[in-house]
Amino acid sequence: MGREVSESCVDSLLTEMVSSYCDRFYTNKPELAARRIEAIGFQVGLQLSERYTMERPRFSDHLEAIKFICKDFWSELFKKQIDNLKTNHRGTFVLQDNRFRWLARTSIDPLPEKEDLAQDNSPAESKSAQATSMHLYFPCGIIRGALQNLGIPCAVTADISNLPAFLYYYPFPTFFSFIIQKLYQ
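The following paragraphs examine the structure supplied in this document. (Residues numbered from 1 in each chain as written. Predicted model: local features only at pLDDT ≥ 70, side-chain atom pairs only at ≥ 80, totals over all residues. Heavy atoms only, no water.)

### Focus on the overall build of the protein chain
And step 1. What the protein chain contains, in helices and strands, is 4 helices and 4 strands.
And step 2. Going from the N terminus to the C terminus, the protein chain shows its helices and strands as α-α-α-β-β-α-β-β.
And step 3. Sequence separation of 24 or more characterises 69% of the internal contacts of the protein chain that already satisfy a separation of 6 or more.
And step 4. As displayed, the protein chain offers around 11000 Å² of accessible surface, 52% of which is attributable to carbon and sulfur atoms. (Helix = DSSP H or I, 4+ residues; strand = E, 2+ residues; numbered from the N terminus. Contact = heavy atoms within 4.5 Å. Areas by Shrake-Rupley, 256 points an atom, 1.4 Å probe, with all protein chains shown as cover.)

### Let's talk about the packing of aromatic side chains
And step 1. Applying the stated criterion to the full structure yields 4 aromatic pairs.
And step 2. Seen in terms of ring centroids, Phe68 and Phe73 are 6.3 Å apart; in terms of plane orientation they differ by 50 degrees. Their pairing is tilted.
And step 3. The exposure class assigned to Phe68 is buried, which follows from its relative accessible area of 3%.
And step 4. Take Phe73: its relative accessible area is 0%, and that puts it in the buried class. (Phe/Tyr/Trp six-rings, centres within 6.5 Å; stacked < 30°, edge-to-face > 60°. Buried < 20%, exposed > 50% of the residue type's maximum accessible area, 1.4 Å probe, protein only.)

### Description of helix α2 (residues 30-52)
And step 1. The first and last C-alpha atoms of α2 sit 32 Å apart over 23 residues, in line with the 33 Å expected at 1.5 Å per residue.
And step 2. Those residues of α2 lying buried are Ala33, Ala34, Ile37, Glu38, Gly41, Phe42, Gly45, Leu48 and Ser49. (Expected span 1.5 Å × (residues − 1).)

### Here we look at the pairing of strand β1 (residues 84-87)
And step 1. As paired elements, β1 and strand β2 (residues 92-97) share 4 bridges and run antiparallel to each other. Looking across to β2, one finds that Asn84 is bridged to Gln96. (Pairing = 2+ DSSP bridges.)

### Re the nonpolar core
And step 1. In this structure, Ile69, Phe73, Leu95, Leu147, Phe178 and Ile180 are the most contacted members of the largest nonpolar core, which totals 38 residues.
And step 2. Every element with two or more residues in this core is listed here: α1 (7-25), α2, α3 (62-78), β2, α4 (122-149), β3 (154-159) and β4 (176-182).
And step 3. With 9 residues, α3 is the largest single contributor of residues to this core.
And step 4. Once residues within four sequence positions are removed from consideration, Phe73 is found in contact with Gly45, Leu48, Ser49, Tyr52, Phe68, Ile142 and Ala146. (Core = buried A, V, L, I, M, F, W, Y, C linked by side-chain atoms within 4.5 Å.)

### Some details on the pattern of salt bridges
And step 1. Taken as a whole and judged by the stated rule, the model has 4 salt bridges.
And step 2. Residue Arg56 is joined to Asp72 by a salt bridge in which the shortest nitrogen-to-oxygen separation is 2.5 Å. Taken together, the residues Arg56 in the loop between α2 and α3 and Asp72 in helix α3 connect sequence positions 16 residues apart.
And step 3. With relative accessibility at 32%, the residue Asp72 sits in the partly exposed group.
And step 4. For Asp97, the salt bridge is made with Lys80, and the minimal N-O distance between the two is 2.8 Å. You can see Asp97 sitting in strand β2 and its partner Lys80 sitting in the loop between α3 and β1, a full 17 residues away along the chain.
And step 5. Taking the relative accessible area as the measure of exposure, Asp97 reaches 0% and is therefore buried.
And step 6. Taken together, the shared-partner salt bridges connect Lys80, Asp83 and Asp97 into one network. (Salt bridge = Lys/Arg side-chain N within 4 Å of Asp/Glu carboxyl O.)

### Considerations on the packing of α2 against α3
And step 1. Closest axis-to-axis distance for the α2/α3 pair is 11 Å, and the angle between their directions is 100 degrees. On the basis of the axis angle, α2 is roughly perpendicular to α3. When α2 is examined against α3, the residues Gly45, Leu48, Ser49 and Tyr52 are found in contact with a partner set consisting of Phe68, Phe73, Glu76 and Leu77.
And step 2. Across the contact of α2 with α3, the residue classes tally to 5 nonpolar, 2 polar and 1 charged. (Axes fitted to C-alpha atoms, helices over the stretch in contact; angles between N-to-C directions. Parallel < 35°, antiparallel > 145°, perpendicular 65-115°, else oblique. Nonpolar A, V, L, I, M, F, W, Y, C, P; charged D, E, K, R; others polar.)

Here's what the structure looks like:
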């Protein structure tokens with residue numbers, strides 16, 4: 001029987017980590033906060049992939065390793081497989097999760113009541129998009145670390161371009177794509 005951590009503990013840890021790095025440690029440097037959050041995720045991904053592949057033979061090609069991430073690795077982390085995997089067969093992979101569990105119970109502060117909703121909402125939208133992206137640096141780091149351990153150096157980003165326009169209201173969306181760009185050496 002493996003050791004498991006409650007989902008609510010992981011949710012709280014992620015929220016507190018993002019809050020600490022963005023609001024306390026690097027208040028005026030969001031890019032530095034993002035790098036630190038991603039670096040923590042990278043270390044976690046390295047260690048988790050080491051644990052989950054200890055008893056397996058090495059993967060013969062990159063596609064096999066990506067499939068492992070989509071099926072087995074994702075199942076260990078989120079109790080479900082990736083919903084969709086796409087590739088251009090030139091080193092770019094898109095992993096799509098339609099119900100990303102770590103953000104399902106997360107919300108952002110609503111707009112202050114004194115602001116007029118008829119005005120331009122771009123500051124609120126950019127604030128919510130930034131809050132969403134800050135929460136996604138950690139899983140991007142986990143994916144990058146896991147793939148690095150499997151011998152695939154890559155860059156991982158989260159695509160939040162398909163977020164709904166009403167994002168500045170309470171709930172976070174849970175539909176995300178993680179884009180993996182293999183780095184050639």
